[in-house]
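# Residue-level structural notes
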Amino acid sequence: MKKIKLGIVGLGRAGKGMHLRELEGKEDMFEIAAVCDIEKDRCEEMAEKFGCKTYTTLDAFLKDEDVDVVDIATRSCDHFSHAKMALDAGKIVLLEKPMCCTAEEAKELFKIGEGRLFIRHNRRFEAKFLQVNEIIASGILGDVYLIKLARNSYQRRCDWQTLSEYGGGQLLNWGPHIVDHSLHFCGGGYTKLDSYLKRVAAAGDCEDFIKVLFFGKNGRVVDMEISGGTALKTPEYVLYGTRGTLFDNGETCTLRYIDPAVQLEEIKASHETPAGAKFAASPAVPFVTEERVWDKNNLDHIWAALYETVVNGKPYPIKSEEALAVMTTIDEIKKQNIHPIV
């Protein structure tokens, strides 16, 4: 089995804490050939662990002919320039989200990349997202006309991701993942978008609260919320359908829906005045209530997908136009909120 010789740029929270952890157990697919970080001690730790080459400058790293794929996990503000350098050097690039800070930068990268640029939207493999799609496709909820998506917590963050000069804010942090999900639920695009950004609990000059209403081109409304200022747990998913509802409880979800085997009798509105002081009685609804357990997340599947694309030529699950649509949507949200974040 051919191995991809991987070079990792950035050994911080994403590169070391996420990417390297997800690569554990995939030694038959990937070999850590080189790493690059401005912090020398981080590089030395990786050299001791993997026996890989180390670099403290990107220029020197990109001259390494042993590196097949460059995995970029630096600060958000550096993603565009670092990816451009790697693509100009002829490398295949896996780019951490946000892929850059603007849609114009994204367009330029895809133009340069010509099939060599892949975006790490690993939340496409999120268990709840996959199961929600399966439930919608099953039809038990009927026509799903409203989906509420939320990623909420309470965090008094004060790291670089709260500062705009580094591409901070939740719009470029959780935003790419949940915007990507929202666009999917909207049928790939929207006819209208309304949004609101605010800083609630974090330091810095960026938003930690996001509310977006998508009016999907498929007629569905998606209510997206990301908050670092919510002190009580909220459901990540709530779905409203014409025959039922889904409510996320955390480890499980509750579904209440009309038995699919039951054909509802036709009802007609009446002009008549109901007898007595009450409204006319509505027909009984044969609801079924059940609880389902969410699967465990399998976010590391993005690496197997990348391997299959690079080695075996299979289509990458995140299309370039989908990743670009995420950045275009983020640009639109920014335009609607040009006032200072307070």
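Above this text sits the structure in question.
Residues numbered from 1 in each chain as written. Predicted model: local features only at pLDDT ≥ 70, side-chain atom pairs only at ≥ 80, totals over all residues. Heavy atoms only, no water.

### Some words on the overall build of the chain
On a plain count of helices and strands, the chain comes out with 9 helices and 14 strands. Seen through its principal axes, the chain has C-alpha atoms that stretch 85 × 50 × 35 Å. Relative to its full complement of 342 residues, the chain shows a buried share of 47%. Surface summary for the chain: the accessible area is close to 17,400 Å², and the carbon and sulfur share equals 52%. One finds the centroid of the 44 positive side-chain charges in the chain at a distance of 2 Å from the centroid of its 52 negative side-chain charges. (Helix = DSSP H or I, 4+ residues; strand = E, 2+ residues; numbered from the N terminus. Buried < 20%, exposed > 50% of the residue type's maximum accessible area, 1.4 Å probe, protein only. Areas by Shrake-Rupley, 256 points an atom, 1.4 Å probe, with all protein chains shown as cover. Lys, Arg positive; Asp, Glu negative; His and termini not counted. Charge placed at Lys NZ, Arg CZ, Asp CG, Glu CD.)

### Brief notes about unusual backbone geometry
Looking along the chain, the bond that leaves Lys 97 and enters Pro 98 is cis, with omega of -10°. Looking at the secondary structure, you find Pro 98 in the loop between strand S5 (92-96) and helix H5 (103-113). A positive phi angle is found at Glu 114, which is not glycine, with a value near 45°. By secondary structure assignment, the location of Glu 114 is in the loop between H5 and strand S6 (117-120).

### What to know about helix H9 (residues 320-336)
End to end, H9 covers 25 Å across 17 residues, agreeing with the expected 24 Å (1.5 Å per residue, within 8%). Ala 323, Val 326, Met 327, Thr 329, Ile 330, Asp 331 and Ile 333 are the residues of H9 that are buried. Check the buried side of H9 and you find it contacts H5, S6, helix H7 (175-185), strand S8 (190-198) and strand S9 (209-216). (Expected span 1.5 Å × (residues − 1). Contact = heavy atoms within 4.5 Å.)

### Things to note about the side chain of Asp 208
Within the secondary structure layout, Asp 208 lies in the loop between S8 and S9. Lacking a salt bridge, the buried Asp 208 has Arg 199 as its closest oppositely charged neighbour, with an N-O distance of 6.6 Å. Among the polar contacts listed, one links the side chain of Asp 208 to the backbone nitrogen of Ala 201, at a separation of 2.8 Å. Beyond its immediate stretch of four places on either side in the chain, Asp 208 contacts Gln 170, Lys 198, Arg 199, Val 200, Ala 201, Ala 202, Ile 226, Ser 227, Gly 228 and Gly 229. (Salt bridge = Lys/Arg side-chain N within 4 Å of Asp/Glu carboxyl O. Polar contact = N/O pair within 3.5 Å; in protein donor to acceptor, adjacent residues only side chain to side chain.)

### Quick word on the sheet that holds strand S13 (residues 252-258)
Reading across from one edge, S8-S9-S10-S7-S11-S12-S13-S14 is the order of the 8 strands in this open sheet, with mixed pairing throughout. Unpaired on one side and paired on the other, S8 and strand S14 (287-293) mark the two borders of the sheet. Within this sheet the neighbouring strands show an average axis-to-axis angle of 10°, counted without direction. Judged from the 7 bridges that link them, strand S7 (residues 144-152) and strand S10 (residues 221-227) form a sheet pairing that is parallel. Bridge pairing links Ile 147 to Val 222 in S10. Packing of helix H6 (residues 127-138) onto the sheet brings it into contact with S7, strand S11 (237-241), strand S12 (244-248), S13 and S14, and relative to S11 it is tilted by some 10°. (Pairing = 2+ DSSP bridges. Axes fitted to C-alpha atoms, helices over the stretch in contact; angles between N-to-C directions.)

### With respect to the packing of H7 against H9
Between H7 and H9, the shortest axis-to-axis distance is 9 Å and the interhelical angle comes to 105°. Considering the angle they form, H7 stands roughly perpendicular to H9. Where H7 abuts H9, its residues Pro 176, Val 179, Asp 180 and Leu 183 lie against Ala 325, Val 326, Thr 329 and Ile 330. Of the residues belonging to the contact of H7 with H9, the class tally is 6 nonpolar, 1 polar and 1 charged. (Parallel < 35°, antiparallel > 145°, perpendicular 65-115°, else oblique. Nonpolar A, V, L, I, M, F, W, Y, C, P; charged D, E, K, R; others polar.)

### Remarks on the pairing of S5
The element S5 is largely enclosed, with a buried count of 4 among its 5 residues. Here 4 bridges tie strand S4 (residues 69-72) to S5, and the two strands are oriented parallel to one another. The residue of S5 that forms the bridge with Val 69 is Ile 92. One crossover worth recording links S4 to the parallel S5 by way of helix H4 (residues 79-88), and it is right-handed. Here S5 runs beside S6; their pairing, made up of 4 bridges, is parallel. Each residue of the ladder has a partner; that of Glu 96, found in S6, is Arg 120. Regarding topology, H5 serves as the crossover connection from S5 to the parallel S6, and that connection is right-handed. (Right-handed = clockwise from strand over helix to strand, strands pointing away.)

### Some thoughts on the nonpolar core
One finds Phe 61 and Met 99 to be the most contacted residues of the largest nonpolar core, which totals 85 residues. Not counting residues up to four positions away in its chain, the partners in contact with Met 99 are His 79, Phe 80, Ala 106, Leu 109, Phe 110, Leu 117, Ile 119, Ala 323 and Met 327. (Core = buried A, V, L, I, M, F, W, Y, C linked by side-chain atoms within 4.5 Å.)

### Brief notes about the pattern of salt bridges
Per the stated rule, a full pass over the model turns up 22 salt bridges. Close ionic contact of Lys 107 with Glu 104 constitutes a salt bridge, the shortest N to O distance being 3.4 Å. Of the two residues, Lys 107 and Glu 104 both sit in helix H5, 3 residues apart, roughly one turn of that helix. The exposure class of Lys 107 is partly exposed, given its relative accessible area of 41%. Residue Arg 151 pairs with Glu 236 through a salt bridge whose shortest N-O separation is 3.8 Å. On the criterion of sequence distance, the pair formed by Arg 151 in strand S7 and Glu 236 in the loop between S10 and S11 is long-range, its members being 85 residues apart. A relative accessible area of 7% means that Arg 151 is categorised as buried. Overlapping salt bridges, with partners in common, bring together Arg 123, Glu 126, Lys 128, Arg 151, Glu 236 and Asp 248 in one network.

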